[in-house]
Amino acid sequence: MPPLMVGFDLDMTLVDSRPGIAAAYRALTARTGVPVDAELAVSRLGPPLRTEIAHWFPPERVEEAVTLYRELYPAYAITPTLPMPGAEAAIDAVHARGGRVMVVTSKIGRLAKLHLDHLGLAVDELTGDLFAEEKATALREHGATLYVGDHVADMTAARTANIPGVGVATGPCSTDELRDGGAHLVLDDLTEFPAALDRIIRLALKG
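Residues numbered from 1 in each chain as written. Predicted model: local features only at pLDDT ≥ 70, side-chain atom pairs only at ≥ 80, totals over all residues. Heavy atoms only, no water.

Enquirer: Is there a simple way to explain the overall build of the chain in this structure?
Expert: Check the secondary structure of the chain and you find ten helices and eight strands. On C-alpha atoms alone, the chain measures out to a radius of gyration of 17 Å, which is about the 17 Å that the 2.2 N^0.38 rule sets for 207 residues. Its C-alpha atoms put the chain at 55 × 30 × 30 Å along the principal axes. When each of the 207 residues of the chain is scored for burial, the buried share is 53%. Within the chain, contacts between residues separated by at least 24 positions form 59% of all contacts whose residues are at least 6 apart in sequence. For the chain, the computed accessible surface area is about 9200 Å², with 52% contributed by carbon and sulfur atoms. A distance of 2 Å separates the average location of the 19 positive side-chain charges in the chain from that of its 28 negative side-chain charges. (Helix = DSSP H or I, 4+ residues; strand = E, 2+ residues; numbered from the N terminus. Rg over C-alpha atoms; globule rule 2.2 N^0.38 Å. Buried < 20%, exposed > 50% of the residue type's maximum accessible area, 1.4 Å probe, protein only. Contact = heavy atoms within 4.5 Å. Areas by Shrake-Rupley, 256 points an atom, 1.4 Å probe, with all protein chains shown as cover. Lys, Arg positive; Asp, Glu negative; His and termini not counted. Charge placed at Lys NZ, Arg CZ, Asp CG, Glu CD.)

Enquirer: Quick question: what am I supposed to make of the pairing of strand S4 (residues 100-104) here?
Expert: Side chains on a regular strand alternate between the two faces of the sheet. Summarising burial for S4: four of the five residues are buried, a large majority. Relative to S4, strand S1 (residues 5-8) runs parallel, the two being bridged by four bridges. Residue pairing across strands places Met5 opposite Arg100, the latter belonging to S4. Summarising the sheet, S4 and strand S5 (residues 125-127) pair through three bridges and their orientation is parallel. Directly across from Val104, in S5, lies its bridge partner Thr127. Each parallel crossover has a hand, and for S4 linked through helix H6 (residues 109-119) to S5 it is right-handed. (Pairing = 2+ DSSP bridges. Right-handed = clockwise from strand over helix to strand, strands pointing away.)

Enquirer: Sorry, what's going on with the pattern of salt bridges here?
Expert: A side chain of one charge can pair with a side chain of the opposite charge when the charged atoms of the two come close. Overall, the coordinates contain twelve salt bridges when judged by the stated rule. Across the salt bridge formed by Glu125 and Arg100, the nearest N and O atoms sit 2.8 Å from each other. Highlighted residues: Glu125 in strand S5 and Arg100 in strand S4, separated in sequence by 25 residues. Residue class for Arg100 comes out partly exposed when judged on its relative accessible area of 36%. (Salt bridge = Lys/Arg side-chain N within 4 Å of Asp/Glu carboxyl O.)

Enquirer: Hey, could you run me through unusual backbone geometry in this one?
Expert: Trans peptide bonds make up the majority, and among non-glycine residues the majority have a negative phi. With a phi close to 50°, Ala132 is a non-glycine residue in the positive phi region. Mapped onto the secondary structure, Ala132 falls in the loop between S5 and helix H7 (135-141). Classification of Ala132 as buried rests on a relative accessible area of 10%.

Enquirer: Could you clarify how one ought to interpret the environment of Glu71 in this entry?
Expert: If you trace the backbone, Glu71 turns up in helix H4 (residues 62-77). In this structure, the C-alpha to C-alpha distance between Glu71 and Ala24, residues 47 residues apart in sequence, is 9.5 Å.

Enquirer: I tried to follow the sheet that holds strand S6 (residues 146-149) on my own but got confused; where do I start?
Expert: Strand pairing within a sheet occurs via backbone hydrogen bonds; the two strands may be parallel or antiparallel. The sheet built from six strands is open, its strands ordered S5-S4-S1-S6-S7-S8 with parallel pairing. Single-partner strands in this sheet number two, and they are S5 and strand S8 (185-187). Each strand axis lies, on average, 20° off the axis of its neighbour in the sheet, ignoring direction. Strands S1 and S4 of the sheet are contacted by helix H5 (residues 87-96), whose axis makes an angle of about 135° with S4. Those strands touched by helix H10 (residues 193-206) are S1, S6, strand S7 (165-168) and S8, and its axis lies near 175° from that of S8. (Axes fitted to C-alpha atoms, helices over the stretch in contact; angles between N-to-C directions.)

Enquirer: Please explain empty space enclosed by the protein as it appears in this structure.
Expert: Once rolled over the atoms, a probe with the size of a water molecule shows which space is left empty. Tallied over the entire structure, the rule returns one cavity of 30 Å³ or more. When its volume is computed, the largest cavity comes out at roughly 50 Å³. Along the lines of polarity and charge, the residues of the lining of the largest cavity split into one nonpolar, three polar and five charged. (1 Å grid on protein atoms, 1.4 Å probe; cavity = no way out; pocket = protein on both sides within 12 Å on 5 of 7 lines; lining within 4 Å. Points joined across faces, edges and corners; volume = space filled by probe spheres on them. Nonpolar A, V, L, I, M, F, W, Y, C, P; charged D, E, K, R; others polar.)

Enquirer: Sorry if this is basic, but what is going on with the packing of H4 against H6 here?
Expert: Geometrically, a packed helix pair is captured by the angle between its two axes and the distance between the axes. Packing of H4 against H6 brings their axes to within 11 Å, and their N-to-C directions diverge by 5°. Taken together, the axes of H4 and H6 lie roughly parallel to each other. Within the contact between the two elements, H4 uses Arg70, Tyr73, Pro74 and Ala77 and H6 uses Arg110, Leu111, Leu114 and His115. Counted by class, the contact of H4 with H6 contains five nonpolar, one polar and two charged residues. (Parallel < 35°, antiparallel > 145°, perpendicular 65-115°, else oblique.)

So, in structure tokens, the structure goes:
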């Protein structure tokens, strides 16, 4: 049996970063004078930052806004962020089975690490700035057994890496959307993950 390596998405899978990200967007509005609807922005977390910024800033200002947002992020977004229900237990369940945990996220790595360190989430590998099919590169490189995420793009990542995708209906995508997006299994949240893990591993081995 190959070693167990479970990949997780970050935002709305392991952490509820909505309060912190909303605060960072409000700070960005205050600095730039460009109105960003922070609540709308955090209702659709998943795609890369530039995708969201482009909804609010003209093309010639997107890179400037991305840079400024990332400068503001540590001061505004880390402290308000909370672990998702069951996140720590899900990670512990993988480690208890002798496995390793990796996070693959569209957020840049240094900001993702601030979240993980602040919340004490003990992951073994972290790769950032990847979305959808791009995540498959990191999943393959680290020999991921399966990938857990809240977005249909995470199911695309798993499918591209030829591993089972496990959906958690805690983000912007519904159970049906995750299932239609290719999820092999959809959980209401990560509190269900430890009890389902052995079944998920068997699913991965069949794949």
